[in-house]
Each structure stands twice: as C-alpha cells, then as structure tokens.
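Here are the chains, one letter per residue:
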Amino acid sequence: DQSESSHKEAIRLLSKIIEDRNSLSDRENLAVYYNNLANLYKSMNKYTEAEEYYKSSIRILENLRSEGKSERYTESLSDYYKNLGILYFLLKRYE
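Computed from a predicted model, the values in this text were never measured in an experiment. All residue numbers refer to position in the chain's written sequence, counted from 1. For this predicted model, a pLDDT threshold of at least 70 governs which residues receive local features, and a threshold of 80 or more governs which side-chain atom pairs are given and counted, while totals over whole chains, interfaces and linings are taken from all residues. Side-chain metrics in this entry use all non-hydrogen atoms of the structure; hydrogen atoms and water are not considered.

A. Quick look at the packing of aromatic side chains. Aromatic rings from Phe, Tyr and Trp, with only the six-membered ring used for Trp, were paired whenever their centres fell within 6.5 Å, and each pair was classed as stacked if the ring planes differed by under 30 degrees, edge-to-face if by over 60, and tilted otherwise. Per the counting criterion, the structure on display carries 3 aromatic pairs. Consider the rings of Y34 and Y53, whose centres lie 5.6 Å apart with planes at 35 degrees: the pair is tilted. Of the two residues, Y34 sits in helix α2 (residues 27–43) while Y53 sits in helix α3 (residues 47–66), which places them 19 residues apart along the sequence. Three exposure classes are used, based on accessible area relative to the maximum for each residue type with a 1.4 Å probe and protein chains only: buried under 20%, partly exposed in between, and exposed over 50%. Take Y53: its relative accessible area is 18%, and that puts it in the buried class. Seen in terms of ring centroids, Y41 and Y53 are 5.8 Å apart; in terms of plane orientation they differ by 10 degrees. Their pairing is stacked. Of this pair, Y41 sits in helix α2 while Y53 is found in helix α3, placing the two residues 12 residues apart along the sequence. Judged by relative accessible area, which is 13%, Y41 ranks as buried. An aromatic cluster is present here, built from Y34, Y41 and Y53 joined pairwise through their rings. Segments assigned H or I by DSSP are reported as helices when at least four residues long, segments assigned E as strands when at least two residues long, and all are numbered from the N terminus.

Okay, here's the thing in structure tokens:
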C-alpha cells in the first residue's frame, strides 16, 4: 500500500532528523519532531508508539518550561496534550 510506504519513509526520515537533533541538544525542535512522529504512528494505528512519542514531546516542553521559558512553549504544550488526549479517546482510556 502506497500510503503505508509513504508513512514508513516519513518515519525513517523523521527518525534520522531526531537522531541528528539529539546530538545537537536542540530540544525545542526535538519536541516538534517527536510530536510529528507520534502523529504518523497514530495515523497508522500504532498507538503504543504514538503514546510514547507524545509523552516524549510533552516531557521536553515541560522541562523547558521549568527552566523559566514557560510563555514560549504554552501553546505547543497545549497542542501536544490535546493530541495525547485524542489518542486516549481513541483507545477509550478515559482515566
């Protein structure tokens, strides 16, 4: 299936970017890439992987906020929590 093949290629490319950004300690963009990767996994119904990457993106931004950069990341952080909430809704995890 071409769609699945495209998703797999996107995951491969994002994973490479994440690897590069990790070595640069570019945490802000790393959070964006993790969130994008989570969205890809969610669209492929790979919910365990999606949850892992949503949580990683949230953890990074929460850490940046705790360093006193709260206003800058509030909107992105709310989007990432929303994405995780949608995933939990799909999984019927209403806790």
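Next, the rest of the story.
B. Quick peek at the pattern of salt bridges. What makes a salt bridge here is a side-chain nitrogen of Lys or Arg within 4 Å of a carboxyl oxygen of Asp or Glu, nothing more. Tallied over the entire structure, the rule returns 5 salt bridges. One salt bridge in this structure joins E67 and R27, with 2.8 Å as the shortest N-O distance. Placement of E67 in the loop between α3 and α4 (70–90) and of R27 in helix α2 is noted, with a sequence separation of 40 residues between them. Beyond isolated ion pairs, a larger network of salt bridges with shared partners links E51, K55 and R93.

C. Just the confidence of the model for the chain, in detail. Along the chain, pLDDT gives the predictor's confidence residue by residue, from 0 to 100. Per-residue pLDDT for the chain has a mean of 86; in total, 91% of the residues score no lower than 70. Across the chain, element-level confidence peaks in α3 with a mean pLDDT of 93 and bottoms out in helix α1 (residues 2–24) with 75.

D. A look at the environment of L87. Looking at the secondary structure, you find L87 in helix α4. Counting along the chain gives 42 residues from L87 to N45, while the straight-line C-alpha distance between them is 9.9 Å. Among all residues touching L87, those that are not within four sequence positions of it are K42, Y47, A50, E51 and Y54. Residue contacts are counted whenever heavy atoms from the two residues lie within 4.5 Å of one another.

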